Amino acid sequence: MEVTIKLFRYNPEKDKKPSYKTYKLEALETDRVLDLLEKVKGYQDGTLSFRRSCAHGICGSDAMRINGFNRLACKTLVRDTGAKITVQPLLGMRVIKDLIVDMEPFFEHYRSVKPWLINDDPEPEKERYQSVDQRAVFDDTTKCILCACCTTACPSFWGNEQYVGPAAIVAAHRFIFDSRDKAAAERLKILNEVWGVYRCHTIFNCTLACPREIQITRAIGEVKMALTTGKTE
Amino acid sequence: MGLKRNVGLMEALRYQGKGPMLTYILHRIGGLSIVIFVGLHILAGYLANHAWGANLGIFINSIYENWLFQVFIFFFALFHAINGLRIVILDLWPKLIEYQREAIWLEWFVFLPIYGIALFVIVRSGLGG
């Protein structure tokens, strides 16, 4: 089938304003949008810039707006988009070139919630034990690949980039509810600040956009509840 | 180098967030509508009590007592209330969030009959029936 793909283009060295360029190419229904971008770059316009790495939905590099909705280009099939495809960079981030956005503010928020295990107790002889039930509490939020699909789908983040964002809250949730971690109170204090978890208005854009199908709004709700009750178990 | 961060209103509205995004937009418009309605009400009440502004007060009063305005304001105020209730329930019981799609359907299921009855009464009285 013939596919028309309309791409957001912006070269900071040449363009004053961004524009859109349309390309026509042959594709199979089972082709991914990433394959189409590779074809455009390889055969029609080598100046096209976009991020990609593993191309299998694990690294989270190729998050972009496809037909107005945040997705990973490597997980989106032509069968699901139709023959007319519009690809734009993630909303709410500074565009560096074409489909590449500046991810630094996103990672800054991620780092702000201390997404690593904190436990100053003396190291046990073997591993720190955890039951299956204790592990299950935060299982969902371990799946995050930091693609930023959720944060850049969030109207609260569009409104103000100081908002810590769903991805950072998911990362915090993963440790707040980890029975081996001892810094839940510290993280909750960070998320209780002005641009913390209460900027979430339960809109669900993050949950719908997540390519890993993490129940993000639920995780945010559990963090809000932990802040209210002080319970993390 | 690079573009500035820019999220325009129209670009944000074009995001394909589907049902939940629509409820969010309607909720925001609803909040704004309630502020305008209450603001007009207070302003009209204040002006009507002053000789110099009585005519303006009566004019503002005639705006929000107009049945067309009531059709609009009742839609958004009622939607704002029911949607707010849905969000409060989901915030208080995060485990229910997995049924958020059903919650939105339920919200419309509650909203439409109530609004339908109100619409019938407002339009009938507006048209002098």
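In case you missed it, the structure is sitting above this.
This report concerns the structure included in the present document.

Calculation criteria
- Residues numbered from 1 in each chain as written.
- Chains lettered and ligands numbered in written order.
- Predicted model: local features only at pLDDT ≥ 70, side-chain atom pairs only at ≥ 80, totals over all residues.
- Heavy atoms only, no water.
- Helix = DSSP H or I, 4+ residues; strand = E, 2+ residues; numbered from the N terminus.
- Contact = heavy atoms within 4.5 Å.
- Areas by Shrake-Rupley, 256 points an atom, 1.4 Å probe, with all protein chains shown as cover.
- Lys, Arg positive; Asp, Glu negative; His and termini not counted.
- Charge placed at Lys NZ, Arg CZ, Asp CG, Glu CD.

Below, the discussion takes up the overall build of chain B. The helix and strand inventory of chain B stands at 5 helices and 0 strands. For chain B, the sequential pattern of α-helices and β-strands runs α-α-α-α-α. Considered along the principal axes of its C-alpha atoms, chain B spans approximately 55 × 50 × 30 Å. Of the contacts formed within chain B by residues at least 6 apart in sequence, a portion of 68% connects residues at least 24 apart. In the structure as shown, chain B presents an accessible area of about 8,300 Å², 72% of it carried by carbon and sulfur atoms. When the 9 basic and 6 acidic side-chain charges of chain B are each reduced to a single mean position, those positions are 7 Å apart.

Now for unusual backbone geometry. Residue and element names in this part refer to chain A. A positive phi angle is found at Thr202, which is not glycine, with a value near 55°. Looking at where Thr202 falls in the secondary structure, it is placed in the loop between helix H7 (184-191) and helix H8 (205-209). Backbone geometry at Glu213 places phi at a positive 55°, although glycine is not the residue there. Relative to the helices and strands, Glu213 is located in the loop between H8 and helix H9 (216-229).

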